[in-house]
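Fold and contact review
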Amino acid sequence: QVQLVESGGGLVQAGGSLRLSCAASGRTFSSNAIGWFRQAPGKERGFGASITWNGRNIYYADTVKGRFTISADSTKGTVFLQMDSLEPGGTAVYYCSTSRRVCGSICIHNRWGQGTQVTVSS
């Protein structure tokens, strides 16, 4: 089975940028796509972006289009989420997940990482 570990979170000012990483190990390519979600305290988990390992298929939530960029480096088994123009509402724990295809919340995401905290200050 694949294991996922997120990293790159931290404290950033509104309008700033962070680059998150999702490192996959084990059966890295047993699933076709990796997605990014976030969950703030007291809020439901929300989908951000998903990508196939070859980078040819990408799906963004409307809420992040134009600000976030997802990419994949299959040679390193790592998916990245470049987050620009961060807003205070982006404060949340960010998770990566596996899925059979590029898809958001309506699809099954079988494996999850432990999450990385992102805090956006005003």
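Residues numbered from 1 in each chain as written. Predicted model: local features only at pLDDT ≥ 70, side-chain atom pairs only at ≥ 80, totals over all residues. Heavy atoms only, no water.

Here we come to the state of the cysteines. Counted by the stated rule, this structure contains two disulfides. Across a sulfur-sulfur distance of 2.1 Å, cysteine 22 and cysteine 96 are joined as a disulfide pair. Residues cysteine 22 and cysteine 96 are joined by a disulfide whose S-S torsion is about 75 degrees; by sign, that bridge is right-handed. One end of the pair, cysteine 22, is in strand S3 (residues 18-26); the other, cysteine 96, is in strand S9 (residues 92-99), and 74 residues separate them in sequence. For the pair cysteine 22 and cysteine 96, one class covers both residues: buried. The disulfide partner of cysteine 103 is cysteine 107, and the S-S distance across this bridge is 1.9 Å. Taking the torsion about the sulfur-sulfur bond, which here is approximately 75 degrees, the covalent link between cysteine 103 and cysteine 107 counts as right-handed. (Disulfide = S-S within 2.5 Å. Helix = DSSP H or I, 4+ residues; strand = E, 2+ residues; numbered from the N terminus. Buried < 20%, exposed > 50% of the residue type's maximum accessible area, 1.4 Å probe, protein only.)

Take the sheet that holds strand S7 (residues 68-73) next. Through backbone hydrogen bonds, the strands of a sheet pair up, either in parallel or in antiparallel fashion. The strand order across the open sheet built from four strands is S1-S3-S8-S7, with neighbouring strands paired in antiparallel fashion. Strand pairing shows two members of the sheet lacking a second neighbour, strand S1 (2-7) and S7, which therefore form its edges. Averaged over all pairs of adjacent strands, the angle between strand axes in this sheet comes to 15 degrees, irrespective of strand direction. Judged from the six bridges that link them, S3 and strand S8 (residues 78-83) form a sheet pairing that is antiparallel. (Pairing = 2+ DSSP bridges. Axes fitted to C-alpha atoms, helices over the stretch in contact; angles between N-to-C directions.)

Moving on to unusual backbone geometry. A positive phi is found at serine 85, a non-glycine position, where the angle reads about 50 degrees. With respect to the element layout, serine 85 can be found in the loop between S8 and S9. Taking the relative accessible area as the measure of exposure, serine 85 reaches 40% and is therefore partly exposed.

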